[in-house]
Structure formats: C-alpha cells, structure tokens
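The residues making up each chain are set out below.
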Amino acid sequence: MGDVVLMHFTTVDYVIFAILLVASAGIGLFYALSGGRQRTTQEFLMADRSMSCLPVSLSLLATFQSAVAILGAPSEVYTFGTQYWFLGCSYFLGLLIPAHVFIPVFYRLRLSSAYEYLELRFNKTVRVCGTITFIFQMVIYMGVVLYAPALALNAVTGFDLWGAVLAMGLVCTVYTALGGLKAVIWTDVFQTVVMFAGQLAVIVVGASQAGGMSQVWKKAMNGSRISGLDLNPDPLERHTFWTLSVGGIFLMLALYGVNQAQVQRYLSSRTEKEAVMSCYVVFPCQQIVLCLGCLMGLVMFARYGEDSPLDKGYVKTNDQMVLYFVMDVFRDLPGLPGLFVACLFSGALSTISSAFNSLATVTMEDLIKPHFPAMAESRATLLSKGLALAYGLVCLAMAYIASRMGSVLQAAFSIFGMIGGPLLGVFCLGMFFPWANPTGAVVGLIAGLAMAFWVGIGSFMMRMSNSATVPLLNTTMAPVFESTTLASLLTNPTSKPRPAGVEALYSLSYMWYSAHNSTTVVIVGLLVSFITGPMKESELTPGTVFPVLSTLLFFLPERYREKLCCRMPLAPKIGETSPCCKQTEAPNGTTSLCKEDTVDDLESKIDASDENEKCSCLVPVVGLDVQETAL
C-alpha cells in the first residue's frame, strides 16, 4: 500500500473556484437590493409566491443533489455496476405522487411551513413534534454535508480544508440571509448549470482518453459492470430491481413530498399548475443526473479496470477515488479540475442554503409566530434574516464537530434517512386516513423514530463489529440521495449466510428504510387512533384529507363510506368556487374567504349565527387577519 498521492491545483483552478463563490454571493446581493428588498416575511421566506416553473424545478433538483451525491454515484457504479441505474424507475411515482397528491393539498391550504399542515389536520402538539424532528434532522446533516466533500478534496489535492469550509459556509450564509428564498432558488439554478458542466467535462474528456464511449461500454461489459434486471424479491439484498424501484419511491416521497426544503419551493410558485409542472420538469432532469453519475462510474472503470486507486493505496475511501480520477483525467488541462471542484461545491452550496432557509422558515412559522401573533412585519422579517444567519453559523459549528467525530461521521449521514421515513409516515397518516387522531400521530411518530434508530444504530454496530472484514469507509459515499448516504454502508454488499432474527432486520437493504419506518408510523398511528377514539368527519379541517379512500372504497354502501369519513372532498383550487360546508380558521389567524366575498360579506359571516350558511370555497387566505380586514 502506497501513501495517498496529492495532485495540486493550479492558479486557474483557484480562480474558477473563486468565480463560483463571487457569482453566488452576487446573486444574493442582487435580490437583497432589488424588488421588495426582502422587507416582508412573505418575500424573504416564500419569494412572494411569484416563482415560475423552470427555476423552481432546477432548485428542486439542486437541493438534494449535493456534493456527497456527485461523489457517490460514480464510485457506486465503479464498484458494483449499473444495477443502481434502476433507481430511475422510482422517479415516476416518486414525483407523480407529490405532483398530484401533496402539492394540491399544501398549495390550496396556502401554507408557509409543511408542519403548519400537521396543526390543521391534528393539533399544535403534532406540529411542534414534526418541526423539532425536522430541525434536529437538518442541523445534524448540514454540517456534515459541508465538511465531508471538503475533507475528500483536502485528502486528494491538498486544498486547504478549513479554507474551503469557511469560504463555502460564510458565502452561503451571506446570500441566504440577505437575499432570501429568491436568492436561494436562483443560485440553485446557476449551481445546477455548473454541476452539469463539471460532470459532462469529466465524462467527455475521460471517454475520449479511453478511446470513445464504445470502448468504455465494451470494457464495462467485459468487467461485468453492466447489470441485468435482478428480480430477486429478497429485501435483504442491497440492490435489486424491487429495492431500487419500489423502495426508492418512498425515498423520493420523503424528499420531494413532505420535506420542508422542497415544499417551500412548491409553495413559492405563482400558481398550483406551475408547482405541479415543476415536478414534471424535475423528472427528466433527475434521469439526466442519474445517467451522468453512472456514465462517470463506467468511464472510471474503463480507465482503471479492477486495479483501482483504492486498491493501490493512492486514496483511502471511495469518495476520494472519484476526486483522484478527476484530477488524473484533467492532469494536463489546467482549469478543468477547478471546474469540477466548483461543480462539487455547487452541490454543497445548494444543499446547505436550502437547509438554512427551510430551518429559518419552520422556526419562524412554527415556533415563534404562534407565540407572538402580533409581531410587526418588519421585526418578523429582521428576525427571519437573523435566524438564517444563526443557522449558517450553527452549520459551521457542526462542520467543526463533524471533524472531531471520526468514524461516527458516517453515522451522522444516516440520521437524515432515519428521520425522513417517520416524517413521511406522519403526513401520510394525516392525509390518507381520516380517522387518525392527534394521539395516534404523536405515538406513531415516536414509534417510527424508535424503529428507525433501533434498526439504523443496531445495523451500524453490527457492521462495526465486523469491520475487520467489511471496510466501512469504502462505501461511505455510495448512494445518490443523501437520505441514504450512510445507510448504504450499514448493508454489507459481500455475500454471506442469510441472517436470521434481529440480524435479519439489521441487514435490511438501506433502500427499504424509508418504507419500513413510514409504514411503522402509519400502522401504530392507526392502532392508537382506533383505541383512543377515531376522529369524526365533523372534527376534520376541510381540505386536509386527500380523498383517496372514497375512490378506493367506491363499492361500499354510502352509510359505511360515511362512517369511514370517505366523503371528505379536497379543497378547490385557488379562485375556484365549490358548494362547500364550514368556514374554518387556520392556526395562524387566517380565515376562509370566498371568491365572491367582500369585506362586508366576511364581516357578516363572522357575525352570522346560522351554521348552515354556505361558503363558496374552503381555501384559507394566508395573512388575512379577520379583525383588520373588517376594519
């Protein structure tokens, strides 16, 4: 085994890297000084709900295409072959369900925070539990996602570790705190273009050096890296068609359905149609990203074959191997290594800026505003900016902690995946099961988190005990989605006797974690709800339940469907009328306002004692205070 080989950057590489930072900061400053100048919380946190489809879709793509992912996919394909490509099958339902289920519910309720939904559907306790769980998830994760690629870059190129971390962290904090969600989305667009350019450059140059794509494919075929369709239904198998295409759907739902960072982008769209279209535009983009990662892995294999830099001891981990490959390919091409590093840190920037902004939003909307409803708009906006700045500094602190964690750094990655599943379960419980009650939701969430940490930590400890034969660090960056980044190394890819009992649970493929944990929440939540008394239809806030049961149980007689609360309609689109029922008041002081309603109409409805008075729509209008409107 040789020592790690350092390949140093040139001045041109540093210049390109600096241009990325300056351009990202420039976009933030532009939105801080233009338009409404981020003077309201609606503009700062929700981009004034004015974003069009294309920037929203590219921002959706960039948010979870982090540096960890850019390093992970090629090493996965280089080591295990193209079976991972079948993850693309999960994108169909993984994006269709958010587009036609989650977006209509969230958008028509005019929410600012995804967890606001939990209070409308259940109560304040469930909302706070969901919010705190999300904050814990993102705070642990964002420092690691900044530190890990910087560590890999330092190990391979000698690039100053803390110089990179501080530059990225501070630039990201500045443009997020000054420019708000508009700056985050538009920098995501710029960074997505840089990511595509960096990966394409590596593939084109690497393939040409290997003799063209036909030679790359031929060498991959000869090296058994082109995988066929593996239909093995065993859930303990790391990657099969079923684990990737079915288990992947639940991962996609946790990321694109209920994660605050993504929901915030949907809600910033001008119209519901544009929000739905952004999901459709993300679909081909995700497929392209997956293809680029897989092709880079094949080009790596064409260059090194079975004799990898990892085996030779030039690098210590798989993520370093990808960087070594890039530096090797671009050895005589100054500037291109800098382009790839810019690509790499674009991934980190887009992820942590989304984390800052979404954390500032949930802290403001879910933890502060409910306790200070009379807070002045200017003060609320200033506080939101302060929160974004504070979370940026917390991110740098977490990066430092990550540097002291050693092997526990790997476990920190899997926390993202552990928590994503239970949160998905709570939203599914509320949205699809009308009789689920608040007690069931809280107990279900606790049970889901307990199951997630039991399986996750138990699996990690089991692999650690086998670390003499299973090199954990070699698979740190394997999967593309961060929610599973570390979970992959909890599943041993080498063949061995089938485990039994608790060991079988610990050996579950990481791709099933999200499905397993969200299902636990739903089952436990429903059982507790039935034991403690299910919710009646009259107790539900209109528009919070997606009417999937009424469609699935169409064959039941009307009286049974009524008992099962299957007649609850989805709220109509903004601006549409419908013959609806009750006027509702949202927890943030919002009220239902009909399309035809004037201020006098609203005032008369508030004073009306007739419970049967008809309202033409069920959509709460955000930010409309009843008393102020009446005045």
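Conventions used here
- Residues numbered from 1 in each chain as written.
- Predicted model: local features only at pLDDT ≥ 70, side-chain atom pairs only at ≥ 80, totals over all residues.
- Heavy atoms only, no water.
- Helix = DSSP H or I, 4+ residues; strand = E, 2+ residues; numbered from the N terminus.
- Buried < 20%, exposed > 50% of the residue type's maximum accessible area, 1.4 Å probe, protein only.
- Contact = heavy atoms within 4.5 Å.
- Areas by Shrake-Rupley, 256 points an atom, 1.4 Å probe, with all protein chains shown as cover.
- Salt bridge = Lys/Arg side-chain N within 4 Å of Asp/Glu carboxyl O.
- Disulfide = S-S within 2.5 Å.
- Axes fitted to C-alpha atoms, helices over the stretch in contact; angles between N-to-C directions.
- Left-handed = near helix turned anticlockwise from the far one by under 90°.
- Expected span 1.5 Å × (residues − 1).
- pLDDT = per-residue confidence, 0-100.
- Polar contact = N/O pair within 3.5 Å; in protein donor to acceptor, adjacent residues only side chain to side chain.
- Core = buried A, V, L, I, M, F, W, Y, C linked by side-chain atoms within 4.5 Å.

Student: Describe the overall build of the chain, with residues and values.
Tutor: Secondary structure summary: the chain contains 25 helices and two strands in total. Counting every position in the chain, which comprises 631 residues, the buried fraction comes to 61%. For the chain, restricting intrachain contacts to residue pairs at least 6 apart in sequence, the fraction spanning at least 24 positions comes to 84%. On the chain, roughly 23500 Å² of surface is accessible, and the fraction owed to carbon and sulfur atoms is 65%.

Student: I'd like a description of the pattern of salt bridges, backed by residues and values.
Tutor: If you walk through the whole model with that rule in mind, you get 10 salt bridges. The shortest N-O distance in the salt bridge between Arg303 and Asp328 comes to 3.1 Å. Here Arg303, found in helix α13 (residues 272-304), pairs with Asp328, found in helix α15 (residues 318-329); they are 25 residues apart in sequence, far enough to count as distant. Look at Arg303 and you get partly exposed, because its relative accessible area is 32%. Overall, Asp328 belongs to the buried group, its relative accessible area being 11%. Taken together, the shared-partner salt bridges in this structure form one network comprising Glu119, Arg127 and Asp366.

Student: Any chance you could break down the environment of Thr125 for me, citing the residues and the numbers?
Tutor: Inspection of the secondary structure puts Thr125 in helix α7 (residues 124-157). Overall, Thr125 belongs to the partly exposed group, its relative accessible area being 46%. The spacing of Thr125 and Thr439 is 314 residues in sequence and 9.3 Å in space, taken between C-alpha atoms.

Student: Can you break down the state of the cysteines residue by residue, with the values?
Tutor: The final tally for this structure, using the stated rule, is zero disulfides. We note that Cys53 lacks a disulfide partner, and the nearest cysteine sulfur, in Cys285, lies 9.5 Å from it.

Student: I'd like a rundown of the packing of α7 against helix α17 (residues 377-403), residues and numbers included.
Tutor: The interhelical angle for the contact between α7 and α17, taken along N-to-C directions, is 65°, at an axis separation of 7 Å. Crossing angle aside, the handedness with which α7 passes α17 is right-handed. For the pair α7 and α17, contact is made by Ile135, Val139, Ile140, Met142, Gly143, Val144, Leu146 and Tyr147 and by Tyr391, Val394, Cys395, Leu396, Met398, Ala399, Ala402 and Ser403, respectively.

Student: Could you give an account of α17, with specific residues and numbers?
Tutor: For α17, built from 27 residues, the straight-helix expectation of 39 Å at 1.5 Å per residue is met to within 8% by its first-to-last C-alpha distance of 39 Å. For α17, the set of buried residues is Ala380, Thr381, Ser384, Leu387, Ala388, Tyr391, Gly392, Cys395, Leu396, Met398, Ala399 and Ala402.

Student: Account for the confidence of the model for the chain, naming residues and giving values.
Tutor: On average, residues of the chain score 79 in pLDDT, and 80% of them reach the 70 mark or higher. Put simply, helix α25 (residues 626-630) is where the chain has its lowest mean pLDDT, 34, and helix α21 (residues 513-532) is where it has its highest, 94. Every residue in residues 468-494 scores below 50 in pLDDT, and together they form 95 contacts with partners more than four places removed in sequence or on other chains. Overall, residues 577-631 carries pLDDT values under 50, and its contacts beyond four positions in sequence, including any with other chains, amount to 97 contacts.

Student: Can you break down the environment of Arg303 residue by residue, with the values?
Tutor: Expressed as a C-alpha distance, the spacing of Arg303 and Val216, which sit 87 residues apart in the sequence, is 8.4 Å. A polar atom in the side chain of Arg303 sits 3.1 Å from the side chain of Asp328.

Student: Which residues make up the nonpolar core, and what are the values?
Tutor: Counting 176 residues, the largest nonpolar core has Phe106, Tyr117, Met142, Phe325, Phe345 and Met431 as the members making the most contacts within it. If one sorts the elements of this core by residue count, helix α8 (residues 161-209) sits on top with 20 residues. Discounting chain neighbours no more than four positions away, the residues touching Met142 are Ile352, Ala355, Phe356, Leu359, Tyr391, Val394 and Cys395.

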